[in-house]
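# Fold and geometry: a report
Listed below, chain by chain, are the residues.
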Amino acid sequence: SSGSRNEAVRDKRNRILSRGLPKQKPIEGVKQVVVLASGKGGVGKSTTAVNIALALAANDSTKEVGLLDADIYGPSIPKMMNLKGNPELTPKNLMRPLKNYGIACMSMGFLIEESAPIVWRGLMVMSAIEKLLRQVDWGQLDYLVIDMPPGTGDVPLSVSQNIPIAGAVIISTPQDVALLDARKGAEMFRKVHVPVLGLVQNMSVFQCPKCKHETHIFGADGVKDLAKTLGLDTLGDIPLHVNIRETCDSGQPVVISQPQSDA
């Protein structure tokens, strides 16, 4: 039948394409990798990644958690996790992650001056990613949370193809422009066979601290509607709140500094 012929052609094409892909190799000592991604920049992906890593550790003190900042051009994990300095090297020439709040962290921000721009082309960026993935001594981790750069470019694609990933979480605001890119992000992970755990709606509503009136600055429920369209779960609905922004900017993320707050 034509259906079985089409299926055979698809299988053959996938086999041919997969020959050119790198073989996935786990990161030594890491049990599960969760990636946090977004289509657009500026939707709160790094803030969410930091707080998810801290929440994983807070929910179960027996679990070891690491945080990898894969955003080469705009590393923000050092500031958010209140970390500075260069990683030490082990006798095997591997970088030791810097640690705060019980979370082992690695970022390009530890290897360059804070104000220095990264003016690199693709090959240099890919070399840096390879070092961050393969030349870090993570010890034994139950979870490694990876903060991906925005978009569907070289870095997200390379990370997805090089290491086994337990799941991806897509962060977006409810704004239509952000949702267009969030959908592309979800589709990219599906194409490279990474399970998408669900979507997080960030900056969903602003409540005036004086009169308590709520305003949907970026629109209402756009991420929830997209999740339904894609057949995915909405994992969280995070308000636009000054505490979330202030605590991350000061290097004391809200999960660790205000664990009992609504945020």
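Worth saying up front: this structure is predicted, and the values here are computed from it rather than measured. (Residues numbered from 1 in each chain as written. Predicted model: local features only at pLDDT ≥ 70, side-chain atom pairs only at ≥ 80, totals over all residues. Heavy atoms only, no water.)

### Some thoughts on the state of the cysteines
Spelled out, the test is: Cysteine sulfur atoms that pair up within 2.5 Å are treated as a disulfide.
A complete count under the given rule lists zero disulfides for this structure. No disulfide involves Cys 105; its sulfur sits 12 Å from the nearest other cysteine sulfur, which is in Cys 248. Of all cysteine sulfurs, the one in Cys 208 lies closest to Cys 211, which takes part in no disulfide; the gap is 3.7 Å.

### Quick notes on the side chain of Asp 147
Where we set the bar: Secondary structure is summarised from DSSP: a helix means a run of H or I of at least four residues, a strand means a run of E of at least two, and numbering begins at the N terminus for each. Any residue under 20% of the maximum accessible area for its type is buried, any over 50% is exposed, and the rest in between are partly exposed; the area is computed with a 1.4 Å probe on protein chains only. For this analysis, residues touch if any pair of their heavy atoms sits within 4.5 Å.
With respect to the secondary-structure elements, Asp 147 resides in strand 5 (residues 141-147). Given a relative accessible area of 0%, Asp 147 falls into the buried group. Apart from the residues within four sequence positions on either side, Asp 147 is in contact with Leu 36, Lys 45, Ser 46, Ala 49, Leu 68, Asp 69, Ala 70, Asp 71 and Ile 77.

### What about the packing of helix 4 (residues 122-134) against helix 5 (residues 154-162)?
To be explicit about the condition: Lines are fitted to the C-alpha atoms to define the axes, a helix being fitted only along its stretch in contact, and any angle between axes, read from their N-to-C directions, falls within 0 to 180 degrees. For this classification, under 35 degrees means roughly parallel, over 145 means roughly antiparallel, 65 to 115 means roughly perpendicular, and everything else is oblique. The crossing is said to be left-handed when, going from far helix to near helix, the turn is anticlockwise and less than a right angle, and right-handed when the turn is clockwise.
Helix 5 packs onto helix 4 with a crossing angle of 40° between their chain directions and a minimal axis gap of 10 Å. Looking at the two axes, helix 4 sits oblique to helix 5. Our pair here, helix 4 against helix 5, has a crossing hand that is right-handed. Across from Gly 122, Val 125, Met 126, Ile 129, Leu 133 and Arg 134 in helix 4, the residues of helix 5 making contact are Asp 154, Val 155, Ser 158, Val 159 and Asn 162.

### Details of helix 2 (residues 45-59)
For clarity, the threshold we go by: A helix is expected to reach a length of 1.5 Å times the quantity of its residues less one.
Taking 1.5 Å per residue, 15 residues should reach 21 Å; helix 2 reaches 21 Å between its end C-alpha atoms and fits that length. Looking at helix 2, one finds that the buried residues are Lys 45, Ser 46, Thr 47, Thr 48, Ala 49, Val 50, Asn 51, Ala 53, Leu 54 and Ala 57.

### Let's talk about the pattern of salt bridges
As a reminder, the rule being used: For this document, the term salt bridge refers to a Lys or Arg side-chain nitrogen within 4 Å of an Asp or Glu carboxyl oxygen.
Enumeration according to the criterion identifies eight salt bridges in this entry. For Lys 45, the salt bridge identified is with Asp 147, shortest N-O distance 2.9 Å. Residue Lys 45 is located in helix 2, and its partner Asp 147 is located in strand 5; the two are separated by 102 residues in the primary sequence. Its relative accessible area of 6% is what places Lys 45 among the buried residues. In this structure, Arg 96 engages Glu 88 in a salt bridge whose closest nitrogen and oxygen atoms are separated by 3.7 Å. The exposure class of Arg 96 is partly exposed, given its relative accessible area of 35%. When salt bridges with common partners are traced through the structure, they connect Asp 221, Lys 224 and Asp 237 into a single cluster.

### Brief notes about the nonpolar core
Defined as follows: Note on terminology: a nonpolar core comprises buried Ala, Val, Leu, Ile, Met, Phe, Trp, Tyr and Cys residues joined through side-chain atoms within 4.5 Å.
With 68 residues, the main nonpolar core has Leu 67, Met 81, Trp 138, Leu 144, Ile 146, Val 159 and Phe 189 as its most contacted residues. Among residues more than four places away in sequence, those in contact with Trp 138 are Ile 27, Val 30, Gly 66, Leu 67, Leu 68, Pro 97, Ala 104, Cys 105, Met 106, Leu 132 and Leu 144.

### Concerning helix 5
With seven of nine residues buried, helix 5 lies mostly within the body of the structure. On its buried face, helix 5 is in contact with helix 4, strand 5 and helix 6 (176-191).

### A few points about the packing of helix 6 against helix 7 (residues 222-230)
Rules: In this classification, the charged set is Asp, Glu, Lys and Arg, the nonpolar set is Ala, Val, Leu, Ile, Met, Phe, Trp, Tyr, Cys and Pro, and all remaining amino acids, among them Gly, are polar.
Orientation of helix 6 relative to helix 7, taken along the N-to-C sense of each, is 35°, at an axis distance of 11 Å. At the point where helix 6 passes helix 7, the crossing takes the right-handed sense. Counting all contacts with helix 6, which are made through Leu 179, Ala 182, Arg 183, Ala 186, Glu 187 and Arg 190, the residues of helix 7 involved are Gly 222, Val 223, Leu 226, Thr 229 and Leu 230. Broken down by class, the residue content of the contact of helix 6 with helix 7 amounts to six nonpolar, two polar and three charged.

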